[in-house]
Amino acid sequence: MSRSEAPPLPEPLRVPVADSHTHLDMQDATVEEGLARAAAVNVTTVIQVGCDVAGSRWAAETAAAHANVHAVVALHPNEAPRIVHGDPDGRSRQGVREGGGQAALHEALAEIDALAALDHVRGVGETGLDCFRTGPEGMAAQEESFRAHIEIAKRHGKALVIHDREAHADVLRILADAGAPERTVFHCYSGDADMARICADAGYFMSFAGNVTFKNAQPLRDALAVAPMELVLVETDAPFLTPAPYRGRPNAPYLIPVTLRAMAEVKGVDEDALASAISDNTARAFDY
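Residues numbered from 1 in each chain as written. Predicted model: local features only at pLDDT ≥ 70, side-chain atom pairs only at ≥ 80, totals over all residues. Heavy atoms only, no water.

### Some thoughts on the overall build of the chain
Here is the rule we go by: By definition, any uninterrupted DSSP run of H or I lasting at least four residues is a helix, any uninterrupted run of E lasting at least two residues is a strand, and each is numbered from the N terminus. Radius of gyration: C-alpha atoms only; globule rule: 2.2 Å multiplied by the number of residues to the exponent 0.38. For this analysis, residues touch if any pair of their heavy atoms sits within 4.5 Å.
Scanning the chain from terminus to terminus reveals 10 helices and 10 strands. Against the globule reference of 19 Å for 288 residues, the chain gives a C-alpha radius of gyration of 18 Å, in line with a compact fold. Seen along its three principal axes, the alpha-carbon backbone of the chain occupies a region of about 50 × 40 × 35 Å. Of the contacts made within the chain by residues no fewer than 6 positions apart, 71% connect residues no fewer than 24 positions apart.

Below, the structure is given as structure tokens:
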């Protein structure tokens, strides 16, 4: 089986659900094809997430054109230091870039702010901290950007979507210090059970992706086991994090049933009950 070959369509869910975090602009299918495949397995809504100014504009335009797509806009944590300091290795989709300093970051944030005001933009994200891809020299730009996104989300009454990679304590500290928006979502939740209890106490949503199915992901399954049903979401983060047994092959919203069924097993609940809860939770989290 070729690793580039798309996995087959799973058995459809009986209860319609939403993919709370996807990147349609990075997937091989057209938007229409991706949505049709998702709908065929009862994934009827997708949250399209922007990672830079261009991607956020695209997310907003795509949500405006499709009733079952909602947009989330932001500068990804790794994008902020690239804007400030440059990207000599061309690691992002924009290729090699010169640094633009604080002025360039503020200009980009102003654009995100303007997009966040639009009705079909339901959230601000993915924002947060990433200590995996960004070194110490970029952390000040990340934190400044994160705090600005928190303020934008609160001012526009939108959900905040968190990217937290190897930065749990700092993300929680900044949220507590700045004051989290009313609706905050930990995308691709990556903490342990102790952190899940902290998030639950704060009322933060926890969105689980295909990596919850990976063999080495017992801490994630432990976190899911203690996460309250009313705070759990499901996502693909497609084209990344394809669930087992298709790990390494391209991910897409139509694979949500694979992850959701694995989650139901971890929580010891009926698939339909979990799908119903997730459907309600996603609509509540993104206010649609």
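Next comes the rest of the write-up.
### So, the side chain of S207
To be explicit about the condition: Each residue is placed in one exposure class: buried if its accessible area under a 1.4 Å probe, protein chains only, is under 20% of its type's maximum, exposed if it is over 50%, and partly exposed if it falls in between.
Residue placement: S207 occurs in strand β9 (residues 205-208). For S207, a relative accessible area of 0% puts it in the buried group. Ignoring any residue separated from it by four or fewer positions in sequence, one finds S207 in contact with S20, V185, F186, H187, C188, Y189, L233, V234 and E235.

### Examining the environment of T22
Rules: In the analysis that follows, any N or O atom pair within 3.5 Å is treated as a polar contact, provided that within protein one partner can donate a hydrogen and the other can accept it, and provided that, for residues neighboring in sequence, both atoms belong to side chains.
Positionally, T22 belongs in strand β1 (residues 17-22). On the basis of relative accessible area, T22 is assigned to the buried category, the value being 0%. Put simply, T22 and F240 are 218 residues apart on the chain and 9.0 Å apart in space, counted from C-alpha to C-alpha. Those residues within four positions of T22 in sequence are excluded, and the remaining contacts are Q27, V46, I47, Q48, V49, T236, A238 and P253. Only 3.3 Å separates the side chain of T22 from the side chain of T236, close enough to count as a polar contact.

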